[in-house]
Amino acid sequence: MAIYGMGAEDRFEASSQDVLDKLGIHLTVGHDFDQYLEYLAEARPDHRIGDPFNPDVHDMNRSNSAWVVGHDDQGRIMHTQALRLLPTGNGVLSEYFRKNFHGFAPSGLDIDYGRSRYKPGPGAKKIQGRVVYSGETWIGGEPGQFRGTGISGILGRFALLAAMKKFSADYVVGFMVRPVAYKGFCLRMGFMHAEPLALRWYFHNEPDAMEAVMVYMSDEDIRFQLDLPNAEIETLAA
């Protein structure tokens, strides 16, 4: 069981809140996924919510799920992210994904599930306990509005901290498509571990697969990250 302590977490919250205030960003955390769907319809009308967070597919409630929505100083939605405690029971994560990976496919694509594959890495074979899945990650804003602000790092770590505080997460995991992960977005969002070729999604009548990387953090990793000196955040908060 993860233990939420004091110190690093409080310092991160204070410094990051200063940056968010200076950038005019207000974050809202909620549990009503019907309301989250309304936010998505406003901010990303062409986006369909993924099955892991679809209230028509899963019982999304305060005990197992949460979302984060960010508004800029004009009241426009500039960020979304969602969290869900996975029902892994006493088993390891690799076994859960082996049986359920079809439910984590990208939304709105013509997936050939018969050819698609999940391949666990060594981390997935060891991860167990309270595992929180992170997804629906989107950062918008006007062109150049948040460039150079380090906002992706703040928002990513905010979600990791929320997973610990709200669900006593032992681990936080997610999937990123290969081009995004290989450009370093996983590191910018706070994830220290990545396992390549975790998922290969094939499309009907297409020969090539879309590859996804599994990223993950333990509760110890998260506390370590939050305790690291972050010159960018400290400079912006000063």
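Anything mentioned here points back to the structure above.
Predicted, not measured: the structure shown is a model, and the values here were computed from it. (Residues numbered from 1 in each chain as written. Predicted model: local features only at pLDDT ≥ 70, side-chain atom pairs only at ≥ 80, totals over all residues. Heavy atoms only, no water.)

## Section: a negative patch on the surface
Next, step 1: A contiguous patch of negative charge on the surface is contributed by Asp32, Asp34, Glu38 and Asp56.
Next, step 2: Looking at Glu38, the relative accessible area reads 58%, which means it is exposed. (Patch = residues over 30% accessible without salt bridge, like charges linked within 9 Å, V, L, I, M, F, W, Y side chains within 5 Å. Areas by Shrake-Rupley, 256 points an atom, 1.4 Å probe, with all protein chains shown as cover. Salt bridge = Lys/Arg side-chain N within 4 Å of Asp/Glu carboxyl O. Lys, Arg positive; Asp, Glu negative; His and termini not counted. Charge placed at Lys NZ, Arg CZ, Asp CG, Glu CD. Buried < 20%, exposed > 50% of the residue type's maximum accessible area, 1.4 Å probe, protein only.)

## Thoughts on the environment of Val92
Next, step 1: Within the fold, Val92 resides in the loop between strand E3 (77-85) and helix H3 (93-100).
Next, step 2: Separated by 34 residues in the primary sequence, Val92 and Lys126 have C-alpha atoms spaced 6.2 Å apart.
Next, step 3: Ignoring any residue separated from it by four or fewer positions in sequence, one finds Val92 in contact with Ala124, Lys125, Ile127 and Gln128. (Helix = DSSP H or I, 4+ residues; strand = E, 2+ residues; numbered from the N terminus. Contact = heavy atoms within 4.5 Å.)

## A look at the nonpolar core
Next, step 1: Counting 33 residues, the largest nonpolar core has Leu93, Phe97, Phe175 and Met214 as the members making the most contacts within it.
Next, step 2: Those elements that place two or more of their residues in this core are helix H2 (33-43), strand E2 (65-71), E3, H3, strand E5 (131-139), strand E6 (171-177), strand E7 (193-202) and strand E8 (209-218).
Next, step 3: It is H2 that provides the largest number of residues to this core, a total of four residues.
Next, step 4: Excluding residues that lie within four positions of it along the chain, Met214 makes contacts with Leu93, Phe97, Ala124, Ile127, Gly174, Phe175, His193, Ala194, Glu195 and Ala198.
Next, step 5: Counting residues in hydrophobic clusters, the runner-up holds 25 residues, among them Ala8, Ala169, Met189 and Val213. (Core = buried A, V, L, I, M, F, W, Y, C linked by side-chain atoms within 4.5 Å.)

## Brief notes about the side chain of His71
Next, step 1: The residue His71 is located in strand E2 in this model.
Next, step 2: Assessed through its relative accessible area of 15%, His71 is described here as buried.
Next, step 3: Apart from residues no more than four positions distant in its own chain, His71 is found in contact with Gly24, Ile25, His26, Tyr39, Arg76, Ile77 and Met78.

## A short note on helix H7 (residues 219-227)
Next, step 1: Within the sequence span of H7, burial applies to Asp219, Asp221, Ile222, Gln225 and Leu226. All buried residues of H7 project into a common sector of 155° when viewed along the axis, lining one side.
Next, step 2: Elements that come into contact with the buried residues of H7 comprise helix H1 (8-23), helix H4 (151-167), E6, E7 and E8. (Arc of directions from axis to C-beta.)

## Some thoughts on the packing of aromatic side chains
Next, step 1: For the coordinates displayed, the defined rule picks out 16 aromatic pairs.
Next, step 2: Here the aromatic rings of Tyr39 and Trp67 are separated by 5.5 Å at their centres, their planes lie at 70°, and the arrangement is edge-to-face. Note that Tyr39 is positioned in helix H2 and Trp67 in strand E2, a separation of 28 residues in sequence. As far as the burial class goes, Tyr39 and Trp67 line up, both buried.
Next, step 3: For the pair Phe104 and Tyr133, a centre-to-centre distance of 4.9 Å together with 70° between the ring planes defines the contact as edge-to-face. Here the residue Phe104 occupies a position in the loop between H3 and strand E4 (117-118), and Tyr133 occupies one in strand E5, the gap between them amounting to 29 residues.
Next, step 4: Note on Phe104: relative accessible area 7%, which makes it buried.
Next, step 5: Residue classification places Tyr133 among the buried residues on the basis of a relative accessible area of 7%. (Phe/Tyr/Trp six-rings, centres within 6.5 Å; stacked < 30°, edge-to-face > 60°.)

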